Amino acid sequence: VRLVESGGGLVQPGESLTLSCLASGFTFSIYDMSWYRQASGKERELVASITSDGGFTKYTDSVKGRFTISRDNGKNTVSLQMNSLKPEDTAVYSCYLNRRGIRFWGQGTQVTVSS
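Residues numbered from 1 in each chain as written. Predicted model: local features only at pLDDT ≥ 70, side-chain atom pairs only at ≥ 80, totals over all residues. Heavy atoms only, no water.

Colleague: In this structure, what is going on with the sheet that holds strand β7 (residues 67–72)? I would like to understand it.
Modeller: Each strand in a sheet pairs with another by means of backbone hydrogen bonds, the pair being arranged parallel or else antiparallel. Judged by pairing direction, the sheet is antiparallel, and its four strands sit side by side in the order β1-β3-β8-β7 without closing on themselves. The open sheet is flanked by β1 (2–6) and β7, the only strands paired with a single partner. Each adjacent strand pair in this sheet contributes to an overall mean axis angle of 15°, direction not counted. As paired strands, β7 and strand β8 (residues 77–82) are joined by six bridges and run antiparallel to one another. Across the sheet, residue Asp-72 finds its bridge partner in β8, namely Thr-77. (Pairing = 2+ DSSP bridges. Helix = DSSP H or I, 4+ residues; strand = E, 2+ residues; numbered from the N terminus. Axes fitted to C-alpha atoms, helices over the stretch in contact; angles between N-to-C directions.)

So, in structure tokens, the structure goes:
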């Protein structure tokens, strides 16, 4: 299993960013996927999840209405569109897979929101 994130960077408050996770080494289309984030000095937090067919999504309360998770099963990618970013969104964002009880995370991509 390999999960490779991209798209992080430094943005100002109110701006947008889209993260992508390219998955390989497993049958992507049959597994739910998630994005987690971890801010410095804090515990890892589940941000958003999407079912295998993309038909159902859920979000942590702090990002509802601002973030959108999506997937393309033909390209083995899961994305996180982040709008109206806030300084408190600053964190390392990681793609997550739970495959038959075994957890996998990517290496993460840094998102920094600062003026």
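Colleague: Before we go on, may I ask you to explain the pairing of β7 in this structure?
Modeller: Looking along a regular strand, one sees the side chains alternate between the two faces of the sheet. The side-chain alternation of β7 yields one buried face, formed by Phe-67, Ile-69 and Arg-71, and one unburied face, formed by Thr-68, Ser-70 and Asp-72. Linking β7 back to β8 in an antiparallel pair, the connection comprises four residues, with Asn-76 at a positive phi of about 55°. (Buried < 20%, exposed > 50% of the residue type's maximum accessible area, 1.4 Å probe, protein only.)

Colleague: Help me understand the environment of Met-82, please; the structure alone is not making it clear to me.
Modeller: For Met-82, the position within the fold is in strand β8. By relative accessible area, Met-82 is classed as buried at 0%. Not counting residues within four places of it along the chain, the set of residues in contact with Met-82 comprises Glu-15, Ser-16, Leu-17, Leu-19, Arg-66, Phe-67, Tyr-93 and Val-111. (Contact = heavy atoms within 4.5 Å.)

Colleague: For this particular structure, what's the right way to read the pattern of salt bridges?
Modeller: If charged atoms from side chains of opposite charge come close, those side chains can pair. Per the stated rule, a full pass over the model turns up four salt bridges. The shortest N-O distance in the salt bridge between Glu-45 and Arg-37 comes to 2.8 Å. Accessibility expressed as a relative area gives 7% for Arg-37, which makes it buried. Where Arg-66 meets Asp-89, a salt bridge forms, and the shortest distance between an N and an O atom there is 2.7 Å. Residue Arg-66 is found in the loop between β6 (57–59) and β7, and its partner Asp-89 is found in the loop between β8 and β9 (91–99); the two are separated by 23 residues along the sequence. Both residues of the pair, Arg-66 and Asp-89, belong to the buried class. What emerges from the salt-bridge pattern is a single network uniting Arg-37, Glu-45, Arg-66 and Asp-89. (Salt bridge = Lys/Arg side-chain N within 4 Å of Asp/Glu carboxyl O.)

Colleague: I tried to follow the nonpolar core on my own but got confused; where do I start?
Modeller: One broad rule of soluble globular proteins: the nonpolar side chains tend to lie buried together. Core analysis: the biggest nonpolar cluster contains 27 residues, and Met-33, Trp-35, Val-78, Leu-80, Met-82 and Tyr-93 have the highest contact counts within it. Broken down by secondary-structure element, the contributors of at least two residues to this core are β3 (17–24), β4 (33–38), β5 (45–50), β7, β8, β9 and β11 (109–113). (Core = buried A, V, L, I, M, F, W, Y, C linked by side-chain atoms within 4.5 Å.)

Colleague: When you look at the state of the cysteines in this model, what are you seeing that I'm missing?
Modeller: One covalent bond between the sulfur atoms of two cysteine residues makes up a disulfide. Within this structure, the stated rule accounts for one disulfide. Note on cysteine connectivity: Cys-21 is disulfide-linked to Cys-95, with sulfurs 2.2 Å apart. Disulfide Cys-21-Cys-95: the torsion about the S-S bond is -90°, which places it as left-handed. Within this pair, whereas Cys-21 is found in strand β3, its partner Cys-95 is found in strand β9, the two being separated by 74 residues in sequence. By the burial criterion, Cys-21 is buried, and Cys-95 matches it. (Disulfide = S-S within 2.5 Å.)

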